[in-house]
Amino acid sequence: MNTAIHWFRRDLRLSDNTALNAAAGAAEQVVTVYVLSDWQGQHRWVGPNRQDFLCACLQALSKNLEAVGGRLIIRCGPAERELEKLAAETRAGAIFFNRDPDPFGRAVEDKLVALGGRLGITVSAHDDVALHARDELLSGSREPYRVYSPYYKAWAKLPKAAVGPRVKHLRTPPDIGSLPLPDLSHWKLQSESTRIIEAGERAARQRLTGFIAAHGAIRRYAKGRTELTGPTTSRFSQDLRWGLLSVREIYHRCRDLAASLDDAGRENVEKFISEIAWRDFYFQILHHFPHVLHDDFSPATRGLPWRQAADRPKEFARWCEGTTGFPIVDAGMRQLSATGYMHNRLRMITAMFLTKDLRFYWRDGESFFMRKLVCGDIGNNNGGWQWSAGTGADAAPYFRVQNPWTQSERFDPNGDYIREWVPELRDVPPGRLHAPLAKGLRLAKDYPPPMLDHSAERDATLAMFKAHRASGKTEPRVE
Ligand SMILES: Cc1cc2nc3c(=O)[nH]c(=O)nc-3n(C[C@H](O)[C@H](O)[C@H](O)COP(=O)(O)OP(=O)(O)OC[C@H]3O[C@@H](n4cnc5c(N)ncnc54)[C@H](O)[C@@H]3O)c2cc1C
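Note that the structure is a prediction, hence the values are computed from the model and not measured.

Novice: Would you mind showing me how to read the overall build of the protein here?
Specialist: Across its full length, the protein holds 19 helices and five strands. The C-alpha radius of gyration of the protein comes to 23 Å, within 12% of the 23 Å expected for a compact globule of 479 residues. By its C-alpha atoms, the protein is 70 × 50 × 50 Å across when sized along the principal axes. Burial status across the protein gives 57% buried among its 479 residues. Once local pairs closer than 6 in sequence are excluded, the contacts in the protein between residues at least 24 apart make up 79%. Accessible surface for the protein amounts to roughly 20,300 Å². Of this, 52% is attributable to carbon and sulfur atoms.

Printed below as a string of structure tokens:
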């Protein structure tokens, strides 16, 4: 074939990129394109942090492509329309891409397949984003898995695809029109953070090397992953979200490392690999149960009388801004706003606070996280929120309501994390940071008193769930 298009989506790398390798192998010239979305201003699920990171990733990708003789073409608008135009302009014989895990991306793929039929060109879709494709694992009764442990048992037994090569040479035909590389003004957004993790494939590869190095965090991951400060986890989530790293490469490098370690060392690596499998688990949940995007996974919890952010904007704003008066919750929310990242433990604590203490519907928190997180991923975020709210696949049972005071005592005993993000509390001794405070009392003069009484709200939440179970109402939510 003379010319093929490779459509970059969430695979912004040259190393082990399944569809890009296939395109480079099939055609003499490859038109590498990224199609920008054309919304502007507000978006329910997107905000400046992730778009900032995307812009920097596209800059890095453009340089990496030039270094191997190619060029990144930027277009904007509905992808199927732009790819049709590009195919006509370049007389491409095929469009290659890696499949998207979410229903929005899949809808575009369906349109491309129809387009291919109409134009008489090949549409070549590849599985790349996960270690196992979304319908590769089914239970003994050929049903999708709803619970993580049996899914993981089956997942762990399956062989994993090998790591592919890095593209070394690429020729993109000259004279193809391209928009400039974007910045935030493309979406009429303004930067919210100057502390976003470094973008681009090279930075991601450095994180991978650092994580598995002799003193890397994987060496004590099983215990270390619960510590809130310091490099205790991989920090790969945005790299996996944008495909700066291949999940196959992560997996195989971890496996190679495990082979050189003793039992204790291997345990750390196994724990890490089991976390990566959660990502595949949530992708297949999203594929088989797409209703999770607007409703509870579990029929038993549908129709619970949750509060809505639109009806209680002041309380919701206190959670968003990190002024709830609960130090560990506020520290997490402020870290999220300042950096576009939050530690997993904090994601659970803050999500449970919103759903189980404030009784807001999880979708309000889900969309706020999506707007702030650099790694915001529809599958993982939805899974994490429904897990925390007790409405999801293999969720925390509804009666598990984390106590923010004991959580902070357990996971931030010296208060280092709280003091880093809530400077008003820098002089408060650790013991007082974790001691439940009655409503109305303050820990410091410029820090608000707790906005609620945790044990009273916990009881009210349990009563809400119990009453709903007793009523037998499980009707789907009306959008
Ligand atoms: C309410 C809530 C919202 C979340 N939203 C997102 C999100 O939008 N995007 C996202 O990538 N993760 C999300 N997570 C999962 C998890 O918190 C992050 O993946 C993790 O904190 C990222 O840090 P890390 O890369 O250092 O993780 P590590 O501990 O180093 O884990 C390595 C990788 O494994 C995967 N992983 C780890 N834990 C989970 C998990 N519980 N569920 C799914 N995948 C997991 C991620 O891809 C992660 O990068 C959410 C969790 C909760 C409770």
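Novice: What exactly am I supposed to notice about the nonpolar core here?
Specialist: Considering soluble globular proteins, one finds that nonpolar side chains tend to be buried as a cluster. Counting 80 residues, the largest nonpolar core has Leu12, Tyr34, Leu58, Trp155, Ile250 and Phe272 as the members making the most contacts within it. For this core, the element with the highest residue contribution is helix H10 (residues 263-288), accounting for nine residues. If near-sequence neighbours (up to four positions away) are discounted, Ile250 is found in contact with Leu208, Phe236, Leu240, Leu245, Phe272 and Ile276. Counting residues in each nonpolar core, the second largest holds 48 residues, with Leu346, Trp362, Phe369 and Phe465 among its members.

Novice: What's the story with the pattern of salt bridges in this structure? I'm lost.
Specialist: Applying the stated criterion to the full structure yields 28 salt bridges. One salt bridge in this structure joins Glu80 and Lys111, with 3.5 Å as the shortest N-O distance. Of this pair, Glu80 sits in helix H3 (residues 79-90) while Lys111 sits in helix H4 (residues 103-119); the two residues are 31 residues apart in sequence, bridging distant segments of the chain. Across the pair Glu201 and Arg166 runs a salt bridge whose closest N-O atoms are separated by 2.7 Å. Separated by 35 residues along the polypeptide, Glu201 in helix H6 (residues 201-212) and Arg166 in the loop between helix H5 (148-157) and H6 bring together distant segments of the chain. Judged by relative accessible area, which is 33%, Arg166 ranks as partly exposed.

Novice: In this structure, what is going on with the packing of aromatic side chains? I would like to understand it.
Specialist: One pair of aromatic rings is described through two measures. These are the centre distance and the angle between the planes. Summed over all chains, the structure comprises 33 aromatic pairs. Here the aromatic rings of Trp278 and Tyr282 are separated by 5.4 Å at their centres, their planes lie at 35°, and the arrangement is tilted. In this pair, Trp278 and Tyr282 are both assigned in helix H10, four residues apart and thus about one turn of the helix distant. On the accessibility criterion, Tyr282 (9% relative accessible area) is buried. Arranged with centres 5.0 Å apart and planes meeting at 25°, the rings of Tyr398 and Phe465 form a pair that is stacked.

Novice: Teacher, can you tell me more about the side chain of Arg241 here?
Specialist: With respect to the element layout, Arg241 can be found in helix H8 (residues 237-241). The side chain of Arg241 is buried and forms no salt bridge, while Asp377, the nearest opposite charge, is found at 4.7 Å.

Novice: Hey, could you run me through the packing of H6 against helix H9 (residues 247-259) in this one?
Specialist: Two numbers describe a pair of packed helices, the interaxial angle and the distance between the axes. Contact geometry of H6 with H9 gives a least axis separation of 11 Å together with a crossing angle of 20°. Classified by the angle their axes make, H6 and H9 are roughly parallel. Remark: the crossing between H6 and H9 carries right-handed chirality. Along the contact surface, H6 presents Arg205, Leu208, Thr209 and Ile212, while H9 presents Glu249, Ile250, Arg253, Cys254 and Leu257. Of the residues belonging to the contact of H6 with H9, the class tally is five nonpolar, one polar and three charged.

Novice: Looking at this structure, how should I read the packing of helix H12 (residues 327-339) against helix H13 (residues 344-357)?
Specialist: At a closest axis distance of 9 Å, the pairing of H12 and H13 adopts a crossing angle of 115°. By the criterion of interaxial angle, the relationship of H12 to H13 is roughly perpendicular. Crossing handedness for the pair H12 and H13: left-handed. Across the interface between the two elements, Ile328, Val329, Gly332 and Met333 of H12 pack against Leu346, Ile349, Thr350 and Phe353 of H13.

Novice: How should the site of the ligand be read in this particular structure?
Specialist: The immediate surroundings of the ligand are formed by 27 residues, with Tyr221, Thr233, Ser234, Arg235 and Asn344 found nearest. Contact between the ligand and Asn344: an oxygen atom at 2.7 Å from a side-chain N or O atom of the residue. In this structure, Arg347 approaches the ligand through a side-chain N or O atom, which is 3.4 Å from an oxygen atom. For the shell around the ligand, the elements supplying multiple residues, two or more each, are H8, H10, H13 and helix H15 (378-389). Of the residues forming the shell around the ligand, the biggest block, six residues, is contributed by H10. Of the residues contributing to the shell around the ligand, the split by class is 14 nonpolar, eight polar and five charged. Two domains share the shell around the ligand, each providing at least three of its residues, namely domain 2 (130-160 + 203-286) and domain 3 (299-471).

Definitions and limits used
- Residues numbered from 1 in each chain as written.
- Predicted model: local features only at pLDDT ≥ 70, side-chain atom pairs only at ≥ 80, totals over all residues.
- Heavy atoms only, no water.
- Helix = DSSP H or I, 4+ residues; strand = E, 2+ residues; numbered from the N terminus.
- Rg over C-alpha atoms; globule rule 2.2 N^0.38 Å.
- Buried < 20%, exposed > 50% of the residue type's maximum accessible area, 1.4 Å probe, protein only.
- Contact = heavy atoms within 4.5 Å.
- Areas by Shrake-Rupley, 256 points an atom, 1.4 Å probe, with all protein chains shown as cover.
- Core = buried A, V, L, I, M, F, W, Y, C linked by side-chain atoms within 4.5 Å.
- Salt bridge = Lys/Arg side-chain N within 4 Å of Asp/Glu carboxyl O.
- Phe/Tyr/Trp six-rings, centres within 6.5 Å; stacked < 30°, edge-to-face > 60°.
- Lys, Arg positive; Asp, Glu negative; His and termini not counted.
- Axes fitted to C-alpha atoms, helices over the stretch in contact; angles between N-to-C directions.
- Parallel < 35°, antiparallel > 145°, perpendicular 65-115°, else oblique.
- Left-handed = near helix turned anticlockwise from the far one by under 90°.
- Nonpolar A, V, L, I, M, F, W, Y, C, P; charged D, E, K, R; others polar.
- Near = heavy atom within 4 Å.
- Polar contact = N/O pair within 3.5 Å; in protein donor to acceptor, adjacent residues only side chain to side chain.
- Domains from an automatic or database assignment.

By themselves these figures say nothing about function.
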